[in-house]
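Report on the structure
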Protein chains: 2
Amino acid sequence: MTYCLALKLNEGLVFCSDSRTNAGADQVSTYSKMHRWGIDGERQYVLLSAGNLATTQSVLNRVQRDIAEGAEESLANMRYMSDAAAYVGKLNKAERERHVSPDDVNAGFNPAATLILGGQIRNEEPQLFMIYPEGNYISVSDITPFLQIGEKKYGKPILDRIIRTDTDVDSAVRCALVSMDSTMRSNATVGPPIELLVYKSDSLTGGCYHAFDDNHAYLQSLRRSWDEKVINAFNEMPSLPLDC
Amino acid sequence: MTYCLALKLNEGLVFCSDSRTNAGADQVSTYSKMHRWGIDGERQYVLLSAGNLATTQSVLNRVQRDIAEGAEESLANMRYMSDAAAYVGKLNKAERERHVSPDDVNAGFNPAATLILGGQIRNEEPQLFMIYPEGNYISVSDITPFLQIGEKKYGKPILDRIIRTDTDVDSAVRCALVSMDSTMRSNATVGPPIELLVYKSDSLTGGCYHAFDDNHAYLQSLRRSWDEKVINAFNEMPSLPLDC
């Protein structure tokens, strides 16, 4: 499984991803799901991936080849972020269709991948898109300024409570890590290292990147602190005046 | 969708269920998913249901008919709670098999239902079982003394943090309602009225039952209080010493 999330704030974009992949519970590996490419001062992209690993690797290889070979369409020459989302969606759809067959789907094989593409192209606002296996895509809204892919349910309630477009980056980073930590706690197929990237609006640089392994002091203190505070909060709640 | 949960504590059993059913987003109804039957001083049962409504109604009708007709096998004459689980599992499996066909499954039709059966028979401990569509069943363990059916992910983290076998009933009731409230907030197909039942160990009576509609003062104060406290707890968390 996988859990990746991305937040679009006034101050910039925050990306967070786990690194565990599994093909069955007995075949667990570690792969980064956060992929970055950019030209300083001109354009920056971050791509998060969930779903079939062969599909996401093929899509990424194709993205990189198109850049290296100076293809007519590549992330190097897109004029708008939405064009970049359409381009990545086209690759994602084509790769899935190369491998899907009705028999395989019934047998439980699924070559689908879902992606989050974020970044900024000069003279445009920063943008964030969710790209579906079918190649279409949606952007975030001001009301729900975050996207999640993979195992998203456990970590969603805290995002719903905290994240607004005007949330400061410091709080957003903590919230992303709490959301990730709750997910790791509840689903053993989501695991470290945790990658985190903060992109400040209009910086047009690679941003601030951080990887945390499971023993990282901050991650451990966050986990301990959140656990204590939630239990304390719970213990202060009003009792039901129920005469049982 | 549905969300039901049941807790097995030293002090007794706690059951909680929502009442929203939907066949597609445009066909939403209200049905109780908490079903109770017992003979005071001898035996008490509570059955929670999730999944196909036609299947759960048929199972319940059959359970009631077997009791009324004095059938050889019925909830009225089971000697052990595990026999009761096997009996309900058999009915559940038979009802599903009457309606399943490979073509329908591919078309998205699914007659499966999952049930939680809890209660106590005199001279036995209180028990709690999860009964699968295939008719088999598991009981809770001391390490994980709760069961959930339906939309269980949003409400699981708080149960993981709070519920132990020695949790007092008062805290367990609050925790069950917080778990239910988080689920309602995140999934529009889980909804009120919320039903709650507390069965005290060895009481062998129907227990203490309560139904909350959405405007119930306690449910509203719980929601407001939890929201505030979680946000306060979050705001007190340590910041990441990240120089971005």
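Above this text sits the structure in question.
Attention in this report is confined to the structure presented alongside it. What you see is a predicted model; the values in this text were computed from it and never measured.

**Some points on the environment of Asn-77 of chain A**
All names here are of chain A. Tracing the sequence through the fold places Asn-77 in the loop between helix 1 (53–68) and helix 2 (81–99). Separated by 34 residues in sequence, Asn-77 and Arg-43 have C-alpha atoms that sit 9.4 Å apart. Residues in contact with Asn-77, not counting those within four places in the same chain, are Arg-43, Ala-71 and Glu-72. For Asn-77, the side chain forms a polar contact with the main-chain oxygen of Ala-71, separated by 3.1 Å.

**What to know about helix 6 (residues 217–235) of chain A**
Residues and elements named next belong to chain A. Look at helix 6: 27 Å from first C-alpha to last across 19 residues, which is about the 27 Å you get at 1.5 Å a residue. All of the buried residues in helix 6 are Tyr-218, Leu-219, Leu-222, Ser-225, Trp-226, Lys-229, Val-230, Ala-233 and Phe-234. The arc that holds the buried residues of helix 6, viewed along the axis, is 160°, so those residues lie on one side. In helix 6, the exposed positions angled more than 90 degrees off the buried face are occupied by Ala-217, Arg-224 and Glu-228.

**Some thoughts on the pattern of salt bridges**
Applying the stated rule across the entire model yields 30 salt bridges over all chains. Put simply, Glu-151 of chain A and Lys-153 of chain B hold a salt bridge, and the shortest N to O gap is 2.9 Å. Placement of Glu-151 of chain A in the loop between strand 10 (146–150) and helix 4 (156–162) and of Lys-153 of chain B in the loop between strand 10 (146–150) and helix 4 (156–162) is noted, with the two residues assigned to different chains. For Glu-151 of chain A, a relative accessible area of 4% gives the class buried. Between Lys-229 of chain B and Glu-236 of chain A there is a salt bridge, and its shortest N-O distance comes to 3.7 Å. Of this pair, Lys-229 of chain B sits in helix 6 (residues 217–235) while Glu-236 of chain A is found in the segment after helix 6, placing the two residues in two different chains. Salt bridges sharing partners connect three or more residues here, namely Arg-161 of chain A together with Arg-185 and Asp-227 of chain B.

Definitions and cut-offs
Within each chain, residue numbers correspond to sequence positions counted from 1 in written order. The lettering of chains begins at A and the numbering of ligands begins at 1, in the order of writing. Reporting of local features is limited, given that this is a predicted model, to residues whose pLDDT is at least 70; pairs of side-chain atoms are given and counted only at 80 or more, and all residues count toward the totals for whole chains, interfaces and linings. In computing side-chain values, all of the structure's heavy atoms are included and hydrogens and water are not. Here a helix means four or more residues in a row that DSSP labels H or I, a strand means two or more in a row labelled E, and each is numbered from the N terminus. Throughout, a residue-residue contact means that at least one pair of heavy atoms, one from each residue, lies within 4.5 Å. Nitrogen and oxygen atoms within 3.5 Å of one another constitute a polar contact, given that in protein one can donate a hydrogen and the other can accept it, and given that sequence-neighbouring residues count only through two side-chain atoms. Any helix carries an expected span of 1.5 Å times its number of residues minus one. Buried, partly exposed and exposed residues are distinguished by accessible area as a fraction of the type maximum, computed with a 1.4 Å probe on protein chains only: under 20%, between the cut-offs, and over 50%, respectively. What the arc covers is the set of directions going from the helix axis to the C-beta atoms. Any carboxyl oxygen of Asp or Glu that lies within 4 Å of a side-chain nitrogen of Lys or Arg is treated as forming a salt bridge with it.

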